[in-house]
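# Analysis of the macromolecular model
This is what each chain is made of:
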Amino acid sequence: MSADTHHSYRAVVVIPTYNERENLPVVCRLVLGMTGASVHLLIVDDNSPDGTGRVADALAAKHPQIHVLHRERKEGLGRAYVAGFKRALEMGYERIAQMDADLSHDPRDLPILIRQTVHADLVIGSRYVEGGGVADWARWRYYLSRYANFYVQQLTRLPISDATSGYRCWRREVLEAIDLDEVHSNGYAFQIEMAYRAYLHGFHIQEIPIVFTERRSGRSKLSKRVIWEAIWLPWKLRFGKHMSPNASFRLAQRQQGIAPSAVPHVGYGDREESP
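In this report, the structure presented in the accompanying data block is examined. (Residues numbered from 1 in each chain as written. Predicted model: local features only at pLDDT ≥ 70, side-chain atom pairs only at ≥ 80, totals over all residues. Heavy atoms only, no water.)

### Focus: the packing of helix α3 (residues 77-90) against helix α7 (residues 187-200)
Stated precisely, the cut-off is as follows: Between N-to-C directions, angles cover 0 to 180 degrees, with each direction set by a line fitted to C-alpha atoms, over the stretch in contact for helices. Numbered from the N terminus, helices here are DSSP runs of H or I no shorter than four residues, and strands are runs of E no shorter than two. When an angle is under 35 degrees it counts as roughly parallel; over 145 it counts as roughly antiparallel; between 65 and 115 it counts as roughly perpendicular; any other value is oblique. Contact definition: two residues touch when any of their heavy atoms are within 4.5 Å.
α7 packs onto α3 with a crossing angle of 45 degrees between their chain directions and a minimal axis gap of 8 Å. Considered as vectors, α3 and α7 are oriented oblique to each other. Of α7, the residues touching α3 (which contributes Leu 77, Gly 78, Tyr 81, Val 82 and Phe 85) are Gly 187, Phe 190, Gln 191 and Met 194.

Encoded structure:
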């Protein structure tokens, strides 16, 4: 595979929206500009009062690479992503990326995020590895995010610097292995839980540096409820309170230092790319 080729497999970017009518056309234009016809977009709109769904439909009518999933009501970021992931799997995509609609995730990072799934099962765009960072954030927001990730690492032993990042790309095998119907968290907690479940299954996770920029327009979805959920979830994950017996068994294996046996771990030197 040449450095100029994004990939030789079907890829889609899942973008949840709620009141993002101003940002959505811009992010779609930038993503299509970076990836051309090789990557599709799946917009998941939660019946936005500002008409984002109609904007999405208009974009889909103009660009065959854009698909829209309309949901009846707002149920949170996690529910929107689960619905989008299920639809993407049904549509046969082999690589499934996720990103925010508010332009906080730079579309220029998308090609390498997708391309790195040649080497890893889950690739996370990280603010907290060398070369990563944040821009235009209030100091309290930065320290909240840094402490949240430290807190997650200490409680779960998840070997990830930025477990709350929402800029990711999954190989379809990971999402198929994770029981999406069991995932009930939302907000930052959803990102933590999904990464943790991938870790328990023994999938290879890689972080690449990104710079996260504060949204340009619209209102942030960060709320006290989202923060409290993220505080409690790591405890539930640590003690297996959020999982099926099979996942709890994998957790016990991890805590005993035993590599999970249900899904083979694939490292950098072992990956063979599918056509």
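### Focus on a nonpolar patch on the surface
Stated precisely, the cut-off is as follows: Nonpolar side chains (Val, Leu, Ile, Met, Phe, Trp, Tyr) are joined into patches within 5 Å and like charges within 9 Å, using only residues with over 30% relative accessible area and no salt bridge. Note that accessible areas follow from Shrake-Rupley with a 1.4 Å probe, and for residues the cover is restricted to the protein chains shown. Only one rule defines a salt bridge in this text: a Lys or Arg side-chain nitrogen within 4 Å of an Asp or Glu carboxyl oxygen.
A surface patch of nonpolar side chains, amounting to about 380 Å² of accessible area, comprises Trp 232, Trp 235 and Phe 239. Locating Phe 239 in the fold gives a position in the loop between α8 (224-238) and α9 (245-255).

### A few points about the nonpolar core
Our working definition: The definition of a nonpolar core used throughout is a set of buried Ala, Val, Leu, Ile, Met, Phe, Trp, Tyr and Cys residues joined through side-chain atoms within 4.5 Å. Note on classification: 1.4 Å probe, protein chains only; a residue is buried when its accessible area is under 20% of the maximum for its type, exposed when over 50%, partly exposed between these limits.
Counting residues in each nonpolar core, the largest one holds 38 residues, and the members touching the most others are Phe 85, Ile 96, Leu 158, Trp 170, Ile 178 and Met 194. Elements that contribute at least two residues to this core include exactly β1 (11-17), β2 (39-45), α3, β5 (122-126), α6 (172-177), α7 and α8. When residues in this core are grouped by element, the largest group, nine residues, is from α7. One finds Leu 41, Ala 101, Leu 113 and Val 123 within the second-largest nonpolar core, a separate group that totals 29 residues.

### Some thoughts on the pairing of β1
Heads up, the rule is: Consider the strands pointing away from the viewer: the crossover is right-handed when the path from the first strand over the helix to the second runs clockwise. Criterion used throughout: strands pair if DSSP finds at least two bridges between them.
For β1, the tally of buried residues reaches seven of seven residues, placing the bulk of the element in the interior. Of the two faces of β1, both are covered, the one formed by Ala 11, Val 13, Ile 15 and Thr 17 as well as the one formed by Val 12, Val 14 and Pro 16. Assessed by its sense of winding, the connection that carries the chain from β1 through helix α1 (residues 24-35) to β2 is right-handed. Both β1 and strand β4 (residues 95-98) contribute to a ladder of four bridges, which runs parallel. Its bridge partner lying in β4, Val 13 is registered against Ala 97.

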